[in-house]
Amino acid sequence: MQATRSRNCLTQMLRRQDLGQWQCRCPYQLAPSRGMTRGRSVKERSKKKRVHALEVATERWKVLSKVLTVVDALKKEEEHVTPLKRLEILRPQLGLTKPHKVAHFIRRSPHLFEVCRDSRGVMWAGLSPQAEDLVEEEARLLDEHAPMAAQYVTRMLMMSVDRRLPVDKIAHFRRDMGLPHDFRTRWVHMFPELFRVVRMEDGDYLQLVSWNPNWAVTELEKKKAALAGNANVKSNSGTPGELSLPFPMKFPPNFTSYYKFRGKVHHYVKTGNTEQFQKITYLSPYAEAKGLTPGTPEFDKRAVAVMHEILSFMLERRLVTDHLTHFRREFVMPQKLMRLLLKHYGIFYVSERGKRLSVFLTEAYDGTELTEKCPLVQWREKVLQLTGYRGSIKNLGKLGASSDSEDYFLGHDGASSDDDAILDVESEHSDDMLDDPSSDGSEMDLER
């Protein structure tokens, strides 16, 4: 009886007679109507302000990243040779889908990789003589770069809240900072005066051994001192405090600070807000930040300073954005870090190509090229010149990962079919741009 009354009551609620017709409503329509905010992805929010030159730099890095993935895999093998089938495990990192094989990818760079068949019919892949020379050169450059890289890692430990960072998280920066593969064990013996490995319940941590006040100075302070003719700049009294240095901002030549949508003006960069932001004093990234209140202008500006400092440590002044989000707690940065990066367009540039997003330090680039290139960056350019990939995907400004990535990697793009064809992305205005999915990972969640 009670079930019948409930069913009849529900039937009456779902019915409405309008102009002699019955109208049925779904249960969710019975709730009071309220406005709902529709979230927009990074791609939708930033598509109006792309920097073509930095998008080209992103595509070049993607190709290089895939090639170095194969090189690193072969370096771990005895005599740098392995059966070709064993490399199929790299398929997800190379962005290849069936039926395409890693063998097709390797054969496109005959100057770097060699493929041969033994007497039993097994296909083998190895490094070419040119690639072997490059591997030896890289090992030498990594050894030369080790003291600087160790300094950068130490300064990251100095910026962290507890003066320690998970070793696995630091490993995310290995290729971007020029760290050797065995830095976990080798560096502990090379630089015992800087840091040590501490084993904890949730993993191994790299912990700071001693505070160096000469290193508690931001890259912006160093540049200001260099312009003033002072080569040696030190932190005041060895204790970092508040800073008032403005951040360099760089916009593309055709940039406009606003756009119109449905008759309304939407600002990318408001002059008044930018000037006010630059005047705000903020704590040095190396100062104690536990007392800052999240959401305040001082908190946000210090977070910008931390991201600026970390990007300054990277070889190419560029980093995958989710690597930054891994350190929100350690570096006291906001929960919605991507919003802060997009908000300060001109200091940072977020490239939304592919499945993983990259953030650039805009001041470090002149067009598609870095203004300052260390030997390791020059070495990467040598490797890039020996790759056999030529992009022919049109419309670089389009969003998302391309479904045609296998085509240009495997030579089905209508480009030159010569094996020694190289990546043709030197012109900023070239239409023959690459458009491939990233090597790994998934698209970043803004709410992380």
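Just so it is clear, the structure is predicted and the values come from calculations on it, not from any experiment. Sequence positions are assigned chain by chain, starting from 1 and proceeding in written order. Under the rules for a predicted model, residues below a pLDDT of 70 receive no local features and side-chain atom pairs below 80 are neither given nor counted, while totals for whole chains, interfaces and linings still include all residues. The side-chain figures draw on all heavy atoms in the structure; neither hydrogens nor water molecules are used.

S.K.: Quick rundown of empty space enclosed by the protein? Include the residues and the values.
M.R.: Points on a 1 Å grid over protein atoms alone make up a cavity when a 1.4 Å probe fits among them but cannot get out, and a pocket when they form an open set with protein on both sides within 12 Å along at least five of seven lines; lining residues each have an atom within 4 Å of a point. Grid points are joined across faces, edges and corners, and a volume is the space filled by probe spheres set on the points. Under the criterion given, the structure shown has six cavities of 30 Å³ or more. When its volume is computed, the largest cavity comes out at roughly 220 Å³. Forming the walls of the largest cavity are 15 residues, and the residues nearest its centre are Ala57, Arg60, Glu316, Val377 and Glu381. Numbering goes from the N terminus for both helices and strands, where a helix is a DSSP run of H or I of at least four residues and a strand is a run of E of at least two. Every element with two or more residues in the lining of the largest cavity is listed here: helix 3 (52-75), strand 17 (369-370) and helix 15 (375-385). Partitioning the lining of the largest cavity into residue classes produces eight nonpolar, one polar and six charged. Of the domains in this structure, domain 1 (42-129) and domain 2 (131-232 + 239-387) are the two that each give at least three residues to the lining of the largest cavity. Taken as a whole, the second largest cavity spans an internal volume of roughly 160 Å³. Elements that contribute at least two residues to the lining of the second largest cavity include exactly helix 3, helix 6 (129-159), helix 8 (174-177) and helix 15. When residues of the lining of the second largest cavity are assigned to their parent elements, the largest contribution, four residues, is made by helix 3. For the lining of the second largest cavity, the residue count by class is seven nonpolar, two polar and six charged. Under the grouping applied here, Gly and all other residues not named as nonpolar or charged are polar, the nonpolar ones being Ala, Val, Leu, Ile, Met, Phe, Trp, Tyr, Cys and Pro and the charged ones Asp, Glu, Lys and Arg. Domain start and end points were adopted from an automatic or database domain assignment.

S.K.: Mind laying out the side chain of Ser160, listing which residues take part and the relevant values?
M.R.: Within the fold, Ser160 resides in the loop between helix 6 and strand 6 (164-166). Any residue under 20% of the maximum accessible area for its type is buried, any over 50% is exposed, and the rest in between are partly exposed; the area is computed with a 1.4 Å probe on protein chains only. Given a relative accessible area of 1%, Ser160 falls into the buried group. The contact criterion used throughout is that any non-hydrogen atoms of two residues lie within 4.5 Å. Residues within four places of Ser160 in sequence aside, it is in contact with Leu165, Glu330 and Phe331.

S.K.: Hey, could you go over the side chain of Asp300 for me, with residue numbers and the actual values?
M.R.: With respect to the secondary-structure elements, Asp300 resides in helix 12 (residues 297-313). The sign given to each residue is positive for Lys and Arg and negative for Asp and Glu; His and the chain ends receive no count. The salt bridge criterion pairs a side-chain nitrogen of Lys or Arg with a carboxyl oxygen of Asp or Glu, the two atoms within 4 Å. Within the buried core, Asp300 has no salt-bridge partner, and the shortest N-O distance to an opposite charge, that of Lys343, equals 4.9 Å. The contacts of Asp300, once residues within four sequence positions are left out, are Gly295 and Leu340.

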